[in-house]
Amino acid sequence: MRSTLNLILNIGWLIFGGFFLALGYALAGVICYILIVTIPFGVASFRMANYCFWPFGRDLVRKESAGVVSAVGNVIWFIVAGWWLALGHIVTAVGQFLTIIGIPLGLANIKLVPVSLFPLGHEIVPRP
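Residues numbered from 1 in each chain as written. Predicted model: local features only at pLDDT ≥ 70, side-chain atom pairs only at ≥ 80, totals over all residues. Heavy atoms only, no water.

(A) Region of the structure containing the pattern of salt bridges. Inspection of every chain in the model, using the stated rule, returns two salt bridges. Notably, a salt bridge pairs D59 with K111, separated by 3.8 Å at the nearest N-O pair. A residue pair is termed long-range when its members are at least 10 positions apart, and D59 in strand β1 (residues 58-62) and K111 in helix α4 (residues 103-117) qualify at 52 residues. Judged by relative accessible area, D59 falls into the partly exposed class, the value being 23%. On the accessibility criterion, K111 (39% relative accessible area) is partly exposed. A salt bridge links R127 to D59; the shortest N-O distance between them is 2.7 Å. Placement of R127 in the segment after β2 (122-126) and of D59 in strand β1 is noted, with a sequence separation of 68 residues between them. What you see here is one network of salt bridges that share partners, running through D59, K111 and R127. (Salt bridge = Lys/Arg side-chain N within 4 Å of Asp/Glu carboxyl O. Helix = DSSP H or I, 4+ residues; strand = E, 2+ residues; numbered from the N terminus. Buried < 20%, exposed > 50% of the residue type's maximum accessible area, 1.4 Å probe, protein only.)

Shown next as structure tokens:
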């Protein structure tokens, strides 16, 4: 039953904003790969695009091994791209909250705001 609900929510997510948010992360990842020095940010951005493309049934958890390098990288990410992506999640969530059927999708967008601000040091795991 849960997998069916996750499938329905993920399809609704793609139709009502998730696809474009995932494209935003993918665009940020491509730009990071082009600049070569920022490839670690590109890896994190593509990881977030993957999660943003199909978020229900998976969780983003903090890695225990994340250290100072991740923290410094997150500060740089926040300044360059994080707040733009977080703003996209907030604007999309507000639009989704306006409809009753969009409330679960808006909650998923709000859940993605903190990790869009600071993506380094996280990993995607299936929800039990």
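(B) Structural view of the environment of V72. Of note, V72 is situated in helix α3 (residues 68-97). Spatially, the C-alpha atoms of V72 and I8 are 38 Å apart, while their sequence positions differ by 64 residues.

(C) Just the packing of aromatic side chains, in detail. Under the definition given, this model contains seven aromatic pairs. Judged by centre distance (6.2 Å) and plane angle (80°), the ring pair of W13 and F56 falls under edge-to-face. On the criterion of sequence distance, the pair formed by W13 in helix α1 (residues 2-34) and F56 in the loop between α2 (39-53) and β1 is long-range, its members being 43 residues apart. What makes W13 buried here is its relative accessible area of 0%. With relative accessibility at 13%, the residue F56 sits in the buried group. Between F41 and W77, the aromatic rings sit 6.3 Å apart at their centres with planes inclined by 25°, giving stacked as the arrangement. Taken together, the residues F41 in helix α2 and W77 in helix α3 connect sequence positions 36 residues apart. Using a relative accessible area of 14% as the deciding quantity, one classes F41 as buried. An aromatic cluster is present here, built from F19, F20 and F53 joined pairwise through their rings. (Phe/Tyr/Trp six-rings, centres within 6.5 Å; stacked < 30°, edge-to-face > 60°.)

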